[in-house]
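Chain and residue survey
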Amino acid sequence: HCAPSPVCLFKERTYPVDPYEQAFAGCGYEVLFLPLVRVQYCNTEALLEALKQHTSYDGIIFTSRNAVYAFGDVISLDMVHCWKDKSMWCVGPATAHALRESTRGTFTHVLGEEGSAAALACAIINIPKRCHDKYRLLYLCGQNRRDDLPSLLQDVIMLDEVVVYETQYDTSSLNQEWTKSPGWVVFFSPLGAGSVSSFLEASWAAKAKRAAIGPSTGEAMARCNIPPHVIADKPTPEALVHAI
C-alpha cells in the first residue's frame, strides 16, 4: 500500500502544533504549507481607543484569527480585566480556539463557534429581545470582510466596525519545486482563491485536486473558475480530512 500524495495547505503553519498537519499525518499524509496571503495589522490607535470605551460595549465580534491576534497585540492586562466578563463572539472554531489560547482562557463567555457568519448572526439575534435596543458590539475585521454579518445585524443591534488587519497576495511560493507533487491543494479563504486562480494553470498545482475549507471559500473558487472537488462540512481539521 503506497503512501498517498502530499496535501498542500494554502496557509501558514501554526506553532507549536498545527491541528491540520496533525489530522492529515494521522491518516498517513505528508503535509506541505504554502501561505498565499500576508497579513498586516492596521488602525491600532482606533482599536485601542475603542477598547478603552469598554463600558459602552456588551462584547466583541472576532471575524478571524487575525482579528484575535490584532486584538492581542494592543490590549493590556488591565484592559483584559475590563472585558473578561463580556461576550466574545467568534466566527468559527479556529477563531474561538485562537482567542482562548492567546488569552489563556481569561474570557468567561466565548460564544458562537458554529462556523459561519450566518450562524453567528442567528446566535446574536437570539439573545433576549429586551437586550436588542441597547446591545452594542465592537466588530473587528479585515479590509476584505464579507457583508453577511453587518447586513444581518444592522437592524437588530448596534455594531461599531474597526478594520484591524489588511491582507495582501503573495503568490511567489507557487514557483516552488516539489520532489513529489501534491495530490491535493486546500484553500482556506476566498481571498486565497482570487490570488492564485491565474497562476494555478501554469503551475504544479494544475494537476492537483482542490478542496475548500467552507462554503464561502468554495463559492469564491467557483467564481474564479477553479471550483473545488470537495468542500469540508465544517471548518475543522477532521471535517477537511474526511472530505478528502
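Our subject in this report is the structure included herewith. (Residues numbered from 1 in each chain as written. Predicted model: local features only at pLDDT ≥ 70, side-chain atom pairs only at ≥ 80, totals over all residues. Heavy atoms only, no water.)

It is worth spelling out the overall build of the protein at this point. Assigned secondary structure in the protein consists of 11 helices and 11 strands. Since a compact globule built from 244 residues should have a radius of gyration of about 18 Å, the 19 Å found for the protein is in line with a globular shape. Sorting the 244 residues of the protein into buried and exposed places 45% on the buried side. Within the protein, contacts between residues at least 6 apart in sequence are counted, and of these 66% link residues at least 24 apart. Split by element, the accessible area of the protein, about 12600 Å² in all, is 50% carbon and sulfur. (Helix = DSSP H or I, 4+ residues; strand = E, 2+ residues; numbered from the N terminus. Rg over C-alpha atoms; globule rule 2.2 N^0.38 Å. Buried < 20%, exposed > 50% of the residue type's maximum accessible area, 1.4 Å probe, protein only. Contact = heavy atoms within 4.5 Å. Areas by Shrake-Rupley, 256 points an atom, 1.4 Å probe, with all protein chains shown as cover.)

Right, let's get into the environment of Val 68. With respect to the element layout, Val 68 can be found in helix H3 (residues 65-74). The exposure class assigned to Val 68 is buried, which follows from its relative accessible area of 1%. The sequence separation of Val 68 and Ser 102 amounts to 34 residues, and the corresponding C-alpha distance is 8.1 Å. The contacts of Val 68, once residues within four sequence positions are left out, are Phe 62, Thr 95, Ala 98, Leu 99 and Ser 102.

This structure, assessed with the given rule, holds five salt bridges. Here Asp 18 ties to Lys 11 by a salt bridge, and the two come within 2.6 Å at their closest N and O atoms. Across the pair, Lys 11 and Asp 18 agree in class, each one buried. When the shortest N-O distance is used, the salt bridge between Lys 52 and Glu 49 registers 3.4 Å. A residue pair is termed a helical-turn pair when its members lie 3 or 4 positions apart in one helix, as Lys 52 and Glu 49 do in helix H2 (residues 44-52) at three residues. Note on Lys 52: relative accessible area 45%, which makes it partly exposed. Overall, the relative accessible area of 39% leaves Glu 49 in the partly exposed class. (Salt bridge = Lys/Arg side-chain N within 4 Å of Asp/Glu carboxyl O.)

This part covers the sheet that holds strand E8 (residues 158-169). With mixed pairing, six strands are arranged side by side in an open sheet as E3-E8-E7-E4-E5-E6. Looking along the sheet, the strands with just one partner apiece sit at the ends: strand E3 (37-41) and strand E6 (109-111). Direction aside, neighbouring strands of the sheet carry axes that sit 25° apart on average. The sheet contact formed by strand E4 (residues 59-62) and strand E7 (residues 136-142) spans four bridges and is parallel. Looking at the pairing, Ile 61 lines up with Tyr 139 of E7. The strands touched by helix H6 (residues 117-125) are E4, strand E5 (87-90), E6 and E7; relative to E5, the strand with the most contacts, the crossing angle is about 155°. (Pairing = 2+ DSSP bridges. Axes fitted to C-alpha atoms, helices over the stretch in contact; angles between N-to-C directions.)

On to the side chain of Thr 236. Here Thr 236 lies in the loop between strand E11 (230-231) and helix H11 (237-243). On the basis of relative accessible area, Thr 236 is assigned to the buried category, the value being 17%. Beyond its immediate stretch of four places on either side in the chain, Thr 236 contacts Tyr 20, Pro 93 and Ile 213.

Next up on the list: the sheet that holds strand E9 (residues 184-187). If you trace the five strands from one edge of the open sheet to the other, you get E2-E1-E9-E10-E11, paired in parallel fashion. Both outer strands of the open sheet, strand E2 (31-33) and E11, are each paired with one neighbouring strand and no more. Of the strand pairs in this sheet, strand E1 (residues 7-9) and E2 are connected by three bridges, and their pairing is parallel. Residue pairing across strands places Leu 9 opposite Phe 33, the latter belonging to E2.

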